[in-house]
Amino acid sequence: MDVPERHLVVCVWMALCCLWAGVSMPDPTYREELMKMEASMQTGGEVVLNEKEKILNSRLLQMKQKEVMRADFPPAMHFFKARDLIKNSALFRLLQKLPKGAALHLHDFSITDVEWLVKNATYRPHLYMCTTNTHIIQFIFSSQMPEPVPRCSPWVLLEKLRAMTANVTELDHSIMKNLTIFTELDPNVLYPTQSVIWKRFEQSFVAVLGLVTYAPVFRDYYYQGLSEFYADNVMYLELRGMLPEIYELDGSTHDMAWTIKTYQEVTRQFTADHPDFFGARIIFTMHRSVNSTVMAQAVKKAMKFKKDFPDFMAGFDLVGHEDVGRPLWYFRNELSLPSDEGLSLPFFFHAGETNLEGSEVDQNLLDALLFNTSRIGHGFALLRHPVAKELSRKRGVAVEICPISNQVLKLVDDLRNHPGAVLMAEGHPLVISSDDPAMFGASGLSYDFYEAFVGFGGLRSNLGTLKALAMNSIKYSSLPAQQRDKALAMWQKRWDKFISENTLISGFYPEFIF
């Protein structure tokens, strides 16, 4: 019997004792014990804090109390409206310094700030731009005038366009708006439904694609993305990537193997430049809208990549809007290919990123577990699947919760009502990640940690919760056991330093520390 089960049995037994005794006034001792047991079941509930951690925890809870009591409570607001409120809070500044371990649910071309992309990539020579009939911009780097694209305006050299534009800042801002779904307008008016927001979301990826798949930008974009997460005190990434062809200025292209090698080379360079960064791994992905033939090819490629890059290639996943894409069971034959051939290909399936209860798509959670997924991406619908929830808990299959993504993509309005709040209260295996931070006007992992800590955790979660979430991110990573131990030891050093630097023995905490 594991810890949560023992707690539940004891709680029920104590409650029954009260009933059998016919007590009109419940015993305060029983009440206190029940409250302690419930608190111990939450994520981090059994973490024992040392003296320095207790001092910092006391200040942390004071800061959180201020956040919870404010009239404009950020987790109850759409992130686009709450972002600046969060950014300017003392609690957020502390969370930025917190060693958060790993980000395990990220997508390749949404990890780097779009402002960097505009200010850096779009100012490089030989960049052409056109606008589609649906008002979406497309880019291509070329040594000569590119061939016309159907349903797109004639190509224009961006360097010349800027030279002819009176207000370059306004032009750059217009480009930036095409590369993200963040808006200063009312997001609920601009994106009234899931279908609208998902269409705009995927259009933004199309706009980004021509920029980031140019070989020189591709390398720099990835390095910059690692830099932004490193600056946010994240030490390891697992990146979901579709591994598109990368092109050169003359139009020649590189295959997927080249793309993986380049990811690997840039990662090695970054870790050499930053010895306290642990590294990154790739999860190869395929869009769930493809047919069975394409999916079979993708799975076979993933199997080959896992064999050729065993230390860098983590596994395989399906991506795209779950509600309109094909369910996992549709691809059961293709996803069985590795086991049929006696090969190991770990799965990291997106599943349960839906509100369509009882639909075929809603069965993805059970099917993901049937295919022995290593983790569950999002798992928003998990509370409606008690069998899947129990299997996930018993097997230690962590749920990758992305609070801001789920809110922005219209699964939940108030993050206090997010299923992650229940999963955290129960101590379910989970990690916090940021999915597509650049698309949402966020960066790194701190914004999602804030939403989880304040929105999910309420007043009960504490420094032990944050410590457990950080440790979970390493525990449930795809790293082999020996590497996990090494990463955890590296994280512990950073954690101890963080505690020491943010704790004064006198107990006095100037606000500027945070």
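Structure: see above.
Criteria and cut-off values
- Residues numbered from 1 in each chain as written.
- Predicted model: local features only at pLDDT ≥ 70, side-chain atom pairs only at ≥ 80, totals over all residues.
- Heavy atoms only, no water.
- Disulfide = S-S within 2.5 Å.
- Helix = DSSP H or I, 4+ residues; strand = E, 2+ residues; numbered from the N terminus.
- Buried < 20%, exposed > 50% of the residue type's maximum accessible area, 1.4 Å probe, protein only.
- Pairing = 2+ DSSP bridges.
- Core = buried A, V, L, I, M, F, W, Y, C linked by side-chain atoms within 4.5 Å.

Draft legend 1. Inspection of the state of the cysteines at higher detail. Scanning the entire structure with this criterion turns up one disulfide. There is a disulfide in this structure between Cys-130 and Cys-152, and the S-S distance comes to 2.1 Å. Measuring handedness by torsion sign, the sulfur bridge of Cys-130 and Cys-152 sits at about 95 degrees and is right-handed. Note that Cys-130 is positioned in strand β2 (residues 127-131) and Cys-152 in the loop between β3 (137-141) and β4 (156-157), a separation of 22 residues in sequence. Under the relative-accessibility criterion, Cys-130 is labelled buried at 1%. Since its relative accessible area comes to 15%, Cys-152 is described here as buried.

Draft legend 2. Structural view of the environment of Tyr-330. Following the sequence through the fold, Tyr-330 ends up in the loop between β9 (313-319) and α14 (332-335). Judged by its relative accessible area of 39%, Tyr-330 is partly exposed. The sequence separation of Tyr-330 and Leu-56 amounts to 274 residues, and the corresponding C-alpha distance is 51 Å.

Draft legend 3. Molecular detail of the sheet that holds strand β11 (residues 375-378). Spatially, β10-β11-β12-β13 is the arrangement adopted by the four strands of the open sheet, whose pairing is parallel. Of all the strands in the sheet, the pair left with one neighbour each is β10 (350-351) and β13 (430-432).

Draft legend 4. View of the nonpolar core. Counting 146 residues, the largest nonpolar core has Leu-179, Phe-316 and Leu-335 as its most contacted members. In this structure, Cys-130, Cys-152, Trp-155 and Leu-157 belong to the second largest nonpolar core, which totals five residues.

Draft legend 5. Expanded view of the sheet that holds β2. Across the sheet, which stays open at both edges, the three strands sit in the order β3-β2-β4 with antiparallel pairing between neighbours. Among the strands making up the open sheet, the edge pair consists of β3 and β4. Of the strand pairs in this sheet, β2 and β4 are connected by two bridges, and their pairing is antiparallel. In the sheet register, Tyr-128 faces β4, and the bridge partner there is Leu-157.

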